[in-house]
Each structure stands twice: as structure tokens, then as C-alpha cells.
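Per-entry structural report
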Amino acid sequence: GVLAQILPISLLLESQEADRAGDLAVGEDAGAFAWRNERWGQVIEDGGEVGRDWLTFFAAVGTIMSALVVLWIYSPTGYGDDFLAALEAACGGNSHLVTLAFGILFPLVHSGLAGLRPYASRVTGERLWRVLFASCSLPLAYSWIVYFISHAHDGVVWWNGEASPVAHAVAWCASFSSFFLLHPSVFNRKE
């Protein structure tokens, strides 16, 4: 039908090749995907080597997310509340300063660790470095997002656009379009 001509099902099964000969901004091709190359496999392959397939991916992500919940998010066992209390104490309890501190701290940690990757991965190996990177970035990102949402309405209200349909439409369109503009390698929009 018409939908199949606009969006062929083959695009969901395999990325299309693109000519990137003149593209100076080519890095890792994170958006390349071919269903025929994917396999479920097993977490540990014959010979004791860790597999590179979906079960290994799910096991790794599940382990990292479980550790994040136990060590950071869950109040009785996690350190997230203690970190936030220390950050609030350092900022004098001002939620604007805490948000600003997160806005300085997270990019420093995230970009700093990303910048160290070429050097540190030689010592630790690629996989261990990714785990270390995620174990620093994920807790800070989680805390920053939750804190921002919890304190989004603190302070003085300068204007309120909730009643304006134009403000709602502009905000919705800007949010929707950001998915196409911010993640070109994931959605293959550069091609």
C-alpha cells in the first residue's frame, strides 16, 4: 500500500548504505543495523568467552541497572540520597544552585570520562571502561533529572504559558523535532 512505499518494512530490518566519502564528521557508525547479523546466542559462549549478542547485552544492561538501583536509587541501600544531601548542604539548600551544580558536575564527569577513554581503555579494556563510565554517568544523570523535575516550579513565576495553545504547540513541536536533530546516528537521519 501507500504506507509501504513511504516507509518500506526493509528499513526496520536493515540500515541503508550511504555515501560518506565527503563527510568530515564520521565517527563510529552506531546507527548501522542489519537484522540478519543479529543473534540471540548465549551469555557465555563455548570456551568461556563472553558473547557479543542480545543475551549478553540484556545481561550486561540488567546487571548495570540492578546495581544502579541498589547502590544509588533505593534509599535504604543507595548513596544517592547522601550525595544529594551533601550537594544541597554545599549549596545552602537553594534548589537553583543545586540544579546549577548538577549542570556543572554532570558534564564535567561525563565529558571528562569520555575524553579519557582512548587512554584509560588501554589500561582497563573497552568493556570495563564502559562499565566504569556508565557507573559514574548514570547515577548523576538520574539524580539530576529527578531533582530537576521535583524542583521545576521552585522560585518566582515570570510567565505561565499553560493556558496558551500556541505556547503548547510550539513546545510540543520543539520537543518532537529534537529527537530528529539530537540523535542522527540512532535514527540515521543524516542519510
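Predicted, not measured: the structure shown is a model, and the values here were computed from it.

Under the counting rule described, the total for this entry stands at five aromatic pairs. On the basis of an interplanar angle of 45 degrees and a centroid distance of 5.5 Å, the ring pair of W72 and F83 is categorised as tilted. Placement of the pair is W72 in helix α3 (residues 54-73) and F83 in helix α4 (residues 80-90), with a sequence separation of eleven residues. Summarising the aromatic geometry, the rings of F102 and Y147 are spaced 6.1 Å apart at their centres and angled 50 degrees between planes, so their arrangement reads as tilted. A residue pair is termed long-range when its members are at least 10 positions apart, and F102 in helix α5 (residues 95-124) and Y147 in helix α6 (residues 126-150) qualify at 45 residues. Residue F102 shares its accessibility class with Y147, and that shared class is buried. Clustering of aromatic rings is evident, with ring pairs tying together W72, F83, F102 and Y147.

Turning next to the side chain of S121. Looking at the secondary structure, you find S121 in helix α5. A residue is classified by how much of its surface remains accessible, and S121, at 11% relative accessible area, is buried. S121 has contacts with E126 and W129, leaving out every residue within four places of it along the chain.

What follows covers the pattern of salt bridges. According to the stated counting rule, one finds two salt bridges in the structure shown. The salt bridge involving R117 is made with E126; its shortest N-O contact spans 3.0 Å. Residue classification places R117 among the partly exposed residues on the basis of a relative accessible area of 26%. Judged by relative accessible area, E126 falls into the partly exposed class, the value being 34%. Its salt-bridge partner being E126, residue R130 comes within 3.7 Å of it at the nearest N-O pair. Taken together, the residues R130 and E126, both in helix α6 and four residues apart, mark about one turn of the helix. R130 gets classed as partly exposed once you look at its relative accessible area, which sits at 45%. Salt bridges here are not isolated pairs; linked through shared partners, they connect R117, E126 and R130.

The next point concerns the confidence of the model for the chain. On average, residues of the chain score 79 in pLDDT, and 66% of them reach the 70 mark or higher. Within the chain, no element has a lower average pLDDT than helix α8 (residues 184-187), which sits at 48, and none a higher one than α4, at 95. Every residue in residues 186-191 is under pLDDT 50, and counting partners more than four places away or in other chains gives ten contacts.

This part is about the nonpolar core. Judged by nonpolar contacts, L87, C91, V98, A101, F102, F106, L140 and Y147 together constitute the single largest core of eight residues. Elements with a minimum of two residues in this core: α5 and α6. Sort the elements by how many residues they give to this core and α5 lands first, with four residues. Residues contacting V98, with those up to four places away along its chain left out, are L84, L87, E88, C91 and Y147.

Rules of the game
What you see as residue numbers is a count from 1 along each chain, following the sequence as written. Reporting in this predicted model follows two pLDDT cut-offs: at least 70 for local features of residues, and 80 or more for side-chain atom pairs to be given and counted; totals over whole chains, interfaces and linings ignore these cut-offs and use all residues. The basis for every side-chain value is the complete set of non-hydrogen atoms in the structure, without hydrogens or water. Ring geometry is summarised as follows: Phe, Tyr and Trp rings, the Trp one being its six-membered ring, pair when their centres sit within 6.5 Å, and such pairs are stacked at plane angles under 30 degrees, edge-to-face over 60 and tilted between the two. A run of DSSP states H or I qualifies as a helix once it reaches four residues; a run of E qualifies as a strand once it reaches two. Both are numbered from the N-terminal end. Here's how the labels work: a residue is buried when its accessible area is under 20% of the maximum for its type, exposed when over 50%, partly exposed in between, all with a 1.4 Å probe on protein chains only. Note on contacts: a residue pair qualifies if any of its non-hydrogen atoms lie within 4.5 Å across the two residues. Just to be clear on terms, a salt bridge is a Lys or Arg side-chain nitrogen sitting within 4 Å of an Asp or Glu carboxyl oxygen. The quantity known as pLDDT measures the predictor's confidence residue by residue, on a range of 0 to 100. We call a set of buried Ala, Val, Leu, Ile, Met, Phe, Trp, Tyr and Cys residues a nonpolar core when their side-chain atoms join them within 4.5 Å.

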